[in-house]
Amino acid sequence: MPELPEAETLRIYLENTSLYKIILDLEVRDQRILEKISSKELKQSLAGYQFQSVNRYGKRLFLRLRIDLWLTIHLGMSGWIRYSGIDEGEPPYTRLLISFTNGHYLAYSDPRLFGRFGLTDDPRALVREKSLGPDALNIDQQVFLEIMLGRKSAIKARLLDQCIIAGIGNLYADEALFQAGICPNAKSIDEERLRLLFEWIQRVLKTAISVNANLADLPESYLISHRYPGGSCPLDGTALMRIRIGGRTSYYCPYHQKR
DNA sequence: AGTACCACCTGACGGC
DNA sequence: TGCCGTCAGGTGGTAC
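What you see is a predicted model; the values in this text were computed from it and never measured.

**Focus on the sheet that holds strand 1 (residues 23-28)**
Argument step 1. The strand order 1-6-7-5 describes an open sheet built from 4 strands, whose pairing is antiparallel. For this open sheet the edge positions go to strand 1 and strand 5 (80-85), each flanked by a neighbour on one side alone. In this sheet, neighbouring strand axes are inclined to one another by 20° on average, regardless of whether the strands run parallel or antiparallel.
Argument step 2. As judged from the 6 bridges shared by strand 5 and strand 7 (residues 104-109), these two strands associate in the antiparallel manner. Bridging from a neighbouring strand, serine 84 pairs with tyrosine 105 of strand 7.
Argument step 3. In this fold helix 1 (residues 4-17) packs onto strand 5 and strand 7, with an angle of close to 20° to the strand it touches most, strand 5.
Argument step 4. Across the sheet, helix 2 (residues 39-46) lies against strand 1 and strand 6 (94-100), angled at about 165° from strand 1, the strand it touches most.

Right, here's the structure in full:
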C-alpha cells in the first residue's frame, strides 16, 4: 500500500492518533525491518519521548522525537500501521510495536518485510543521502518540466525513478499517464503534454489522498481498478495493453494514450 | 544514461 | 488435494 497517497494518509492518521503521547516501550519482532540500527538503540531513542510531528517526503515518513532526532519509516511493499488499544488485539504480521503510557500502541504490520525503520538527525540529510528528487506534491511546474525534459527514457520510467521525482509508484504512474493520455512507453514528449501530465499528477495524487488512498473509492473514470489481465478502458471499453517498463507491469489504453 | 536482471520476502492465484 | 510457476502498489545492487 505504499505510494505517496498511502504515505500521506498514514501521516495524517499518525498525526491524529499518536502525537504527544509518551512512549513506554518498543518491541521489534523482526530485525530485518531495521535500517542501520539495532533494536536496542531504537528502543533507547524512543522510550520516554513522544512524537512531536509527522512529516512526509515522497513515500517516506519522519516522526520527530527531539530537535535533532527523527524516526524514519518506509512502508516497503506491504507495510501499514495501526493505532489501537491493548484489548483490541494486534494485526497479523506485526513486526514492530510501539506502546504508549496511555495503554494504546502502534503496530507496524508488514507481511513481506520490505519496509524499513530507522533514525536520522535530519530528514533533509536522508533525502540527500538517498538522492531523492523533489516531492511529487511539492514541486512546481517549471521544475517538473526541467527534470523531465532532456531525458530519453520511457516517461513511466522517469516517473518511477525516485531520484528524479519522489513519491510516484507503479499504480499512480499508470493512472496519471492514462488521465493525461500519454503512453507509458513514450520517450519524446512536448512541453504542452508535460504540462498536462504535471496537472494530472497533482490531481490524481490529491484525489487519492481525499479518499484516504482507498482504491475502491476512486472515481469510476480511473484506470486503477481496471489494471488486471483482460481489463478494459473505463472510458470506452477498449482492451487494455499490458507491457513491462523498468521491470514493472504497466497497463494502458492503446486508444486514449498516445506515444 | 538507460536498461536488464537479480535479490530481498510472503501470500494469492491459476494451471496441471 | 497439492505442487509449481508467476505475480504483487518498492528499493538497491550489478553488469552491459
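Moving on from the model shown.
**Description of the protein's contact with DNA strand B**
Argument step 1. Around DNA strand B, the structure places Arg32, Tyr93, Pro111, Arg112, Leu113, Phe114, Arg151, Lys152, Ser153 and Lys187.
Argument step 2. For DNA strand B, the fraction of atoms within 4 Å of the protein that belong to sugar or phosphate moieties is 67%.
Argument step 3. In this structure, arginine 32 approaches DNA strand B through a side-chain N or O atom, which is 3.5 Å from a phosphate oxygen.
Argument step 4. Here arginine 112 contributes a side-chain N or O atom positioned 2.9 Å from a base oxygen of DNA strand B.

**Let's talk about the packing of aromatic side chains**
Argument step 1. Counted under the stated rule, the structure contains 4 aromatic pairs.
Argument step 2. With centroids separated by 6.1 Å and ring planes inclined at 55°, the aromatic side chains of tyrosine 83 and phenylalanine 100 adopt a geometry described as tilted. Within this pair, whereas tyrosine 83 is found in strand 5, its partner phenylalanine 100 is found in strand 6, the two being separated by 17 residues in sequence.
Argument step 3. Given a relative accessible area of 16%, tyrosine 83 falls into the buried group.
Argument step 4. Here the aromatic rings of tyrosine 108 and phenylalanine 117 are separated by 4.7 Å at their centres, their planes lie at 70°, and the arrangement is edge-to-face. Summarising the burial analysis for this pair, tyrosine 108 and phenylalanine 117 share the class buried.
Argument step 5. A cation over a ring is seen here: arginine 66 above tyrosine 49, with NZ or CZ 3.8 Å from the ring centre.

Conventions used here
Residues numbered from 1 in each chain as written. Chains lettered and ligands numbered in written order. Predicted model: local features only at pLDDT ≥ 70, side-chain atom pairs only at ≥ 80, totals over all residues. Heavy atoms only, no water. Pairing = 2+ DSSP bridges. Helix = DSSP H or I, 4+ residues; strand = E, 2+ residues; numbered from the N terminus. Axes fitted to C-alpha atoms, helices over the stretch in contact; angles between N-to-C directions. Contact = heavy atoms within 4.5 Å. Near = heavy atom within 4 Å. Polar contact = N/O pair within 3.5 Å; in protein donor to acceptor, adjacent residues only side chain to side chain. Phe/Tyr/Trp six-rings, centres within 6.5 Å; stacked < 30°, edge-to-face > 60°. Buried < 20%, exposed > 50% of the residue type's maximum accessible area, 1.4 Å probe, protein only. Lys NZ or Arg CZ within 6 Å of the ring centre and 35° of its normal.

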